[in-house]
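Residue strings, one per chain:
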Amino acid sequence: MIDPASLGRRLHALRSDRGLALSALAKEAGVSVSMLSAIERGEKTPTVVVLSRIADGLGVSLSRLLADLETDGVIVRRAAEQDHVAEPGGWHRTVVTPVVPGVNFEWIRTTLPPHCDAGTFPAYAPGSHEFVAVESGVLWLGVGSAEHVLAAGDSVYFPADVTHSYANRGDEACEYHVAALVMRPRSPRP
């Protein structure tokens, strides 16, 4: 498990050694100043994708950023520690997986209200994968130029190195899970 306070101290030390203000690192990493500040204070444990961006912004490898921070092989992420994000348009996502050094994997639970389009996401780097499982409602999943309609209980796999989109065109909420193995780098979301 990575101790959030130790991670915060490591991040602060690396940033200070480079003479970077929080705002400068935030710009380089594509991460908000408030997120960086919370991580440095040990109040937030970032996802692997966010850690990767921070490492890139500092000009170090992810393994160097996380070196010697893992205390044992079991990593627990309590419900209260999960990242809950309210997105524009009324949809909501929760990153439920813990951060595991060297593993670019995330499990995300998403809820789309009726008639909500979550938008189009850019292609991840080659070698990236997504698995999607619909818990309730109906999901319209775009993968490249194709569209797939998935009902409760349906699941799908696709190589995530193409643009992809999620929408709920139905009259009831749709809840689905995404398990993503994301290789770096990823182009920014438009």
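Structure first, text after, so check above.
Everything quoted here is computed from the prediction, not taken from an experiment.

Quick notes on the rules
- Residues numbered from 1 in each chain as written.
- Predicted model: local features only at pLDDT ≥ 70, side-chain atom pairs only at ≥ 80, totals over all residues.
- Heavy atoms only, no water.
- Helix = DSSP H or I, 4+ residues; strand = E, 2+ residues; numbered from the N terminus.
- Buried < 20%, exposed > 50% of the residue type's maximum accessible area, 1.4 Å probe, protein only.
- Contact = heavy atoms within 4.5 Å.
- Areas by Shrake-Rupley, 256 points an atom, 1.4 Å probe, with all protein chains shown as cover.
- Lys, Arg positive; Asp, Glu negative; His and termini not counted.
- Charge placed at Lys NZ, Arg CZ, Asp CG, Glu CD.
- Pairing = 2+ DSSP bridges.
- Axes fitted to C-alpha atoms, helices over the stretch in contact; angles between N-to-C directions.
- Patch = residues over 30% accessible without salt bridge, like charges linked within 9 Å, V, L, I, M, F, W, Y side chains within 5 Å.
- Salt bridge = Lys/Arg side-chain N within 4 Å of Asp/Glu carboxyl O.
- Parallel < 35°, antiparallel > 145°, perpendicular 65-115°, else oblique.
- Left-handed = near helix turned anticlockwise from the far one by under 90°.
- Nonpolar A, V, L, I, M, F, W, Y, C, P; charged D, E, K, R; others polar.
- Core = buried A, V, L, I, M, F, W, Y, C linked by side-chain atoms within 4.5 Å.

Draft legend 1. Seen up close, the overall build of the protein. Counting its regular elements, the protein contains five helices and ten strands. Principal axes of the C-alpha set define a box for the protein whose edges measure 50 × 30 × 30 Å. Sorting the 190 residues of the protein into buried and exposed places 42% on the buried side. Sequence separation of at least 24 residues holds for 66% of the intrachain contacts in the protein that already meet a minimum separation of 6. Accessible surface computed for the protein: about 9,500 Å², of which carbon and sulfur atoms make up 56%. Separation between the mean location of the 17 positive side-chain charges and that of the 22 negative ones in the protein comes to 8 Å.

Draft legend 2. The arrangement of the sheet that holds strand 2 (residues 92-95) in detail. Taken together, the six strands give an open sheet; going across it, the order is 1-2-3-10-5-8, and neighbouring strands pair in antiparallel fashion. Of all the strands in the sheet, the pair left with one neighbour each is strand 1 (83-86) and strand 8 (155-159). Put simply, the sheet's adjacent strands are angled 20 degrees from each other on average, direction ignored. For strand 3 (residues 105-112) and strand 10 (residues 174-181), the ladder comprises eight bridges, and the chain directions are antiparallel. Its bridge partner being in strand 10, Trp107 is matched across the sheet by Ala179.

Draft legend 3. Broad picture of the environment of Leu62. As for its placement among the helices and strands, Leu62 is situated in helix 5 (residues 62-66). Taking the C-alpha atoms as reference points, Leu62 and Val162, separated by 100 residues in sequence, lie 25 Å from one another.

Draft legend 4. Broad picture of a nonpolar patch on the surface. The grouping of Val103, Phe105, Trp107, Leu181 and Met183 at the surface amounts to a nonpolar patch, some 390 Å² of accessible area in total. Relative to the helices and strands, Leu181 resides in strand 10. We classify Leu181 as partly exposed; its relative accessible area is 33%.

Draft legend 5. Just the packing of helix 2 (residues 22-29) against helix 3 (residues 33-40), in detail. In the contact formed by helix 2 and helix 3, the axes pass within 9 Å of each other and the chain directions differ by 115 degrees. Judged by the angle between their axes, helix 2 and helix 3 are roughly perpendicular. Relative to helix 3, the crossing made by helix 2 is right-handed. Residues Leu22, Ser23, Leu25 and Ala26 of helix 2 form the contact with helix 3, whose participating residues are Val33, Leu36, Ser37 and Glu40. Its residues assigned to classes, the contact of helix 2 with helix 3 comprises five nonpolar, two polar and one charged.

Draft legend 6. Structural context of the nonpolar core. Core analysis: the largest hydrophobic core is formed by 23 residues, its most contacted members being Ile54, Leu58, Leu65 and Leu66. Those elements giving two or more residues to this core turn out to be helix 1 (4-17), helix 2, helix 3, helix 4 (48-58) and helix 5. Non-local contacts of Leu58, meaning those with residues more than four positions away in its chain, are made with Leu11, Leu14, Arg15, Arg18, Leu20, Leu25 and Leu65. Counting 20 residues, the second largest nonpolar core, distinct from the first, contains Phe121, Tyr124, Val132 and Tyr176.

Structural measurements only, silent on function.
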